[in-house]
Amino acid sequence: MLVHSVLVSVTLFLWAATGVNGYSVTTKNAEVQVRENEGTDLTCTYSADFGSEARVEWKFKNLAGSQTYVVFNGQPTQTYSNRVTIYGSNIRFSKMTPKDTGVYDCEVSGNGQFGETRVKVTVLVPPSMPVCRVPPTVTTGKTARLSCHDNIGSPPPNYRWYKDGTLLPPDPSKISGFKNATYHLNTENGNLEFPRVTKMDSGQYYCEAYNDAGPPQRSKEAKMQVRDVNTGGIVAGVIVALLLLALLGFGLWYAHKKGYLPINQNRTWSTSLHHCMAVKMMMENLNRSHHLWCSLQEEVNTGEHLGF
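Fair warning: this is a prediction, and the values are worked out from it, not measured in the lab.

Engineer: What is the right way to look at the overall build of the protein chain in this model?
Structural biologist: Looking only at helices and strands, the protein chain features 3 helices and 21 strands. Counting across all 308 residues of the protein chain, residues that qualify as buried make up 31%. Sequence separation of 24 or more characterises 61% of the internal contacts of the protein chain that already satisfy a separation of 6 or more.

Engineer: Explanation requested: the side chain of Asn90 in the structure shown.
Structural biologist: One can find Asn90 in strand β9 (residues 90–93). In this structure, Asn90 is in contact with Leu42, Thr43, Cys44 and Thr85, ignoring residues within four places of it in sequence.

Engineer: Is there a simple way to explain the nonpolar core in this structure?
Structural biologist: Side chains that are nonpolar tend, in soluble globular proteins, to be buried together. In terms of nonpolar packing, the biggest core is built from 24 residues, with Leu42, Trp58, Val70, Phe93, Tyr104 and Val121 touching the most fellow members. Taken together, the elements giving at least two residues each to this core come down to β2 (31–35), β5 (55–62), β6 (67–72), β9, β10 (102–110) and β11 (113–124). Ignoring any residue separated from it by four or fewer positions in sequence, one finds Val121 in contact with Val32, Val34, Leu42, Met96, Asp100, Thr101, Gly102 and Tyr104. Among the nonpolar cores identified, the runner-up in size contains 19 residues, and Tyr159, Tyr183, Val197 and Met224 belong to it.

Engineer: Would you explain the sheet that holds strand β14 (residues 144–149) in this entry?
Structural biologist: Two modes of strand pairing occur in sheets, parallel and antiparallel, and in both the strands are linked by backbone hydrogen bonds. What the 4 strands build is an open sheet, ordered β12-β14-β18-β17; its pairing is antiparallel. Because the sheet does not close on itself, it has two edges, and the strands there are β12 (131–133) and β17 (184–185). For β12 and β14, the ladder comprises 3 bridges, and the chain directions are antiparallel. Looking at β14, one finds that Arg133 is bridged to Ser147.

Engineer: Hey, could you run me through the pattern of salt bridges in this one?
Structural biologist: Where charged atoms from two side chains of opposite charge approach closely, those side chains can pair. Counted by the stated rule, this structure contains 11 salt bridges. A salt bridge links Lys59 to Glu107, with the nearest nitrogen and oxygen atoms 3.6 Å apart. Of this pair, Lys59 sits in strand β5 while Glu107 is found in strand β10, placing the two residues 48 residues apart along the sequence. The residues Lys59 and Glu107 share a single accessibility class, namely buried. Residues Lys174 and Asp171 are paired through a salt bridge, measuring 3.9 Å at the closest nitrogen-oxygen approach. Each of Arg160, Glu208 and Arg218 takes part in a single network of salt bridges with overlapping partners.

Engineer: How should I be thinking about the packing of aromatic side chains in this particular structure?
Structural biologist: To describe a pair of aromatic rings, one takes the distance between the centres and the angle between the planes. Using the criterion set out here, one finds 9 aromatic pairs in the structure. For the pair Tyr23 and Phe50, a centre-to-centre distance of 5.2 Å together with 80° between the ring planes defines the contact as edge-to-face. Taken as a pair, Tyr23 in the loop between α1 (2–17) and β1 (25–26) and Phe50 in the loop between β4 (45–46) and β5 lie far apart in primary sequence, 27 residues in all. The exposure class assigned to Tyr23 is partly exposed, which follows from its relative accessible area of 32%. Its end group placed over the ring of Tyr210, Arg160 keeps NZ or CZ at 4.2 Å from the ring centre.

Engineer: How should the state of the cysteines be read in this particular structure?
Structural biologist: In a disulfide, the sulfur atoms of two cysteines are held together by a covalent bond. For the structure on display, the rule yields 2 disulfides. What connects to what in the protein chain, once the bonded cysteines are numbered by sequence position, is 1-2, 3-4. For the unlinked cysteine Cys132, the closest cysteine sulfur is that of Cys207, found at 4.4 Å.

Engineer: Honestly, the side chain of Thr40 in this entry has me stumped. Any pointers?
Structural biologist: Mapped onto the elements, Thr40 comes out in strand β3 (residues 40–42). Judged by its relative accessible area of 15%, Thr40 falls in the buried class. Apart from the residues lying within four places of it in its own chain, the contact partners of Thr40 are Val32, Val34, Ile91, Arg92, Phe93 and Met96.

Definitions and limits used
- Residues numbered from 1 in each chain as written.
- Predicted model: local features only at pLDDT ≥ 70, side-chain atom pairs only at ≥ 80, totals over all residues.
- Heavy atoms only, no water.
- Helix = DSSP H or I, 4+ residues; strand = E, 2+ residues; numbered from the N terminus.
- Buried < 20%, exposed > 50% of the residue type's maximum accessible area, 1.4 Å probe, protein only.
- Contact = heavy atoms within 4.5 Å.
- Core = buried A, V, L, I, M, F, W, Y, C linked by side-chain atoms within 4.5 Å.
- Pairing = 2+ DSSP bridges.
- Salt bridge = Lys/Arg side-chain N within 4 Å of Asp/Glu carboxyl O.
- Phe/Tyr/Trp six-rings, centres within 6.5 Å; stacked < 30°, edge-to-face > 60°.
- Lys NZ or Arg CZ within 6 Å of the ring centre and 35° of its normal.
- Disulfide = S-S within 2.5 Å.

Here it is in structure tokens:
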């Protein structure tokens, strides 16, 4: 009698530990991949313990998290009625589109019990020609971002970049020929970033989008030119501004000396004050221009010292 009780206890323990019970819901294929506009079956099998009147429903949740019924009350819902048929507890799609990518839950209820199983569906769509954005000119030492994107491919494609026809490795530090490269390449979102560009980064760039649905697609080539700061032009502009301010000041002084400016005897003090303010503003502008020229000269000297 004691032996029998021990055997029963062990059996119940193993039954509970392994999760084997009378109420189970399973699927033959939990991950389904199907090409765009092709059909597929989503299977759902449940144990007899749910009873002959078991209720079976199918729900769909897309990649954005929105959920809807595919099968409700034993019938396909209106959205799916023209391309979904039911056989047993399974459903068959006559064709699928990229919008059908997501998860499908088969829910079974009966005899006061509930169970479910999930099928993940990926509708395969090759990428299209990605949109590639490359800045045409960048100043030496500045940050540059190149972007590559395709919104057609499913699953979402990954990306790779080429410069002058040479594939750029995702991690340049691991490749001997690219150890001096400073770019950051994100293969998932397609961004190629240069924290501090140099003239060596000038060249022709293009990207590729690829996934498991078809051949990779290449963008158009675009040129990025890295240029030094045009210090000569800036300094020339500052000099011209200084000359213009000097000429303006001289003109005001000369007009005032010759009496060309109207003078109101009742507002002599006000006019003198205005003249003083004008001269003060002119001097302040000259001073700011001088500081700007000195700062630019210092930047040029620093750049030459660093080898830019």
